[in-house]
Amino acid sequence: MSKKKKTVIITLIVIIAFIVMGIVYALLSDNSEVVNKIKVGTVRIDSLNLQLKDSKGNQVEIMSPADIDTLSWTTKNIGTSGVLSRHTLEIYWDDDVKLYMYPANMSDDAIISDFENINAGGESAYLIKTEPTTVTVGDKSMNALKYNFIGDNLNGADGTDVSKEVNYNSDNEEIIDASIKTDDSSKTQDDIAFKILLSPKTSYLNQGKKIYARVTTEAMQYTEDGSANWKVVDVVELDD
């Protein structure tokens, strides 16, 4: 093979190599650009101010038979990424008592009327359905109510609007107390509240016992393809 032909072949090989390198670089650049568009932001949630209050707004720890108290807290997105949220609420007491959960804006009179209907064998259209369970505190097992529910979609610091409000209150004008407003319109935090009734038929032997509650909050980064996973981001207890 002549020197001239060798030179031409070598030149062609070099040109082809540069073309291949250019294609590979372009593909890598495209992939990098896609990754940057869906890069993982920080997912951080604070569940704040879990408290139980009586009808006068006083913070309490003990419920007596026929008491109707309000359990409330605020969930706030303090991360960069917009998130979906969900919660597990557990309410427990030292003894086997009957607790009932209702929308926070339902009037006390309507709650008592509904309880009386349930006690007479009727069905409730307002009672929030909870799951009976047990929780272990130290070396002690306690009866509990558990409620799993989806919370708000909350915006993060990245500015992407993913917000979606959940209405925990009732919109039935026949049973609500219009003076009670617990839902919010914030795009970064979620105000959550429920009313708790201790059965009026509770034995006097079970009075004067402390009520406990625990909220486990999970979050999932908001993505267009929904590929993120739920993870526990905060746990808060009533006596924290």
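The preceding data block contains the structure.
Not measured: the values here are computed from a predicted model. (Residues numbered from 1 in each chain as written. Predicted model: local features only at pLDDT ≥ 70, side-chain atom pairs only at ≥ 80, totals over all residues. Heavy atoms only, no water.)

Asks: Mind showing me how you'd approach the nonpolar core here?
Replies: For soluble globular proteins, the rule of thumb is that nonpolar side chains tend to be buried together. In terms of nonpolar packing, the biggest core is built from 26 residues, with Leu71, Leu89, Ile91 and Phe194 touching the most fellow members. At the level of elements, strand S1 (45-53), strand S2 (68-77), strand S3 (83-93), strand S4 (99-103), strand S6 (140-154), strand S7 (189-198) and strand S8 (211-221) are the ones that each hand at least two residues to this core. Ranked by residue count, the leading element in this core is S7, at four residues. If sequence neighbours within four positions are ignored, Leu89 has contacts with Leu71, Trp73, Met101, Leu145, Lys146, Tyr147, Phe149, Phe194, Arg214 and Val215. Grouped together as the second largest cluster of nonpolar side chains are nine residues, Tyr100, Ala110, Ile111 and Leu197 included. (Core = buried A, V, L, I, M, F, W, Y, C linked by side-chain atoms within 4.5 Å. Buried < 20%, exposed > 50% of the residue type's maximum accessible area, 1.4 Å probe, protein only. Helix = DSSP H or I, 4+ residues; strand = E, 2+ residues; numbered from the N terminus. Contact = heavy atoms within 4.5 Å.)

Asks: Honestly, the sheet that holds S7 in this entry has me stumped. Any pointers?
Replies: Within a beta sheet, neighbouring strands are joined by backbone hydrogen bonds and run either parallel or antiparallel to one another. Strands sit in the order S1-S2-S7-S4 across an open sheet of four strands; the sheet is antiparallel. In this open sheet, the two edge strands, each paired with only one partner strand, are S1 and S4. Each strand of the sheet is rotated relative to its neighbour by a mean of 25°, with strand direction disregarded. The pairing of S2 with S7 spans nine bridges and is classified as antiparallel. (Pairing = 2+ DSSP bridges. Axes fitted to C-alpha atoms, helices over the stretch in contact; angles between N-to-C directions.)

Asks: What is the right way to read the sheet that holds strand S5 (residues 131-137) from this model?
Replies: The strand order S5-S6-S3-S8-S9 describes an open sheet built from five strands, whose pairing is antiparallel. If you trace the sheet from one side to the other, it starts and ends with S5 and strand S9 (231-237), each paired once. With direction set aside, neighbouring strand axes in the sheet form an average angle of 30°. Across 11 bridges, S3 lies against S8 in antiparallel orientation. Counterpart to Leu84 in the pairing with S8 is Met220.

Asks: Explanation requested: the pairing of S2 in the structure shown.
Replies: As a general feature of sheets, a regular strand has side chains that alternate between the two faces. A large share of S2 lies buried, amounting to nine of its 10 residues. In the sheet, S1 pairs with S2 via seven bridges, with the strands oriented antiparallel. Bridging from a neighbouring strand, Leu52 pairs with Leu71 of S2.

Asks: Would you mind going over the packing of aromatic side chains with me for this structure?
Replies: The geometry of an aromatic ring pair comes down to the distance between the two centres and the angle between the two planes. Evaluation of the coordinates by the stated rule reveals nine aromatic pairs. Ring centres 5.6 Å apart and planes at 5° place the aromatic pair Tyr92 and Tyr212 in the stacked group. Within this pair, whereas Tyr92 is found in strand S3, its partner Tyr212 is found in strand S8, the two being separated by 120 residues in sequence. For the pair Tyr92 and Tyr212, a shared accessibility class is recorded, and that class is buried. Residues Tyr168 and Phe194 carry aromatic rings whose centres are separated by 6.0 Å and whose planes lie at 75° to one another, so their mutual orientation is edge-to-face. Residue Tyr168 is located in the loop between S6 and S7, and its partner Phe194 is located in strand S7; the two are separated by 26 residues in the primary sequence. We classify Phe194 as buried; its relative accessible area is 2%. (Phe/Tyr/Trp six-rings, centres within 6.5 Å; stacked < 30°, edge-to-face > 60°.)

Asks: Looking at this structure, I do not really get helix H2 (residues 108-119). What am I missing?
Replies: Every α-helical turn comprises 3.6 residues, leaving residues that sit three or four positions apart pointing alike. In this model H2 runs 16 Å from its N-terminal to its C-terminal C-alpha over 12 residues, within 8% of the 16 Å that 1.5 Å per residue would give. Looking only at H2, the buried set comprises Ala110, Ile111, Asp114 and Phe115. In an axial view of H2, the angular spread of the buried residues amounts to 140°, which keeps them on one side of the axis. Among the exposed residues of H2, those pointing more than 90 degrees away from its buried face are Asp109 and Glu116. Where H2 is buried, its residues touch S2, S4 and S7. (Expected span 1.5 Å × (residues − 1). Arc of directions from axis to C-beta.)

Asks: Is there a simple way to explain the pattern of salt bridges in this structure?
Replies: Pairs can form between side chains of opposite charge whenever their charged atoms are close. Inspection of every chain in the model, using the stated rule, returns five salt bridges. Between Glu237 and Arg214 there is a salt bridge; the shortest N-O distance is 3.9 Å. Of this pair, Glu237 sits in strand S9 while Arg214 sits in strand S8, and the two are 23 residues apart along the sequence. Glu237 sits in the partly exposed class, given a relative accessible area of 26%. When salt bridges that share partners are traced, they join Glu90, Arg214 and Glu237 into one network. (Salt bridge = Lys/Arg side-chain N within 4 Å of Asp/Glu carboxyl O.)

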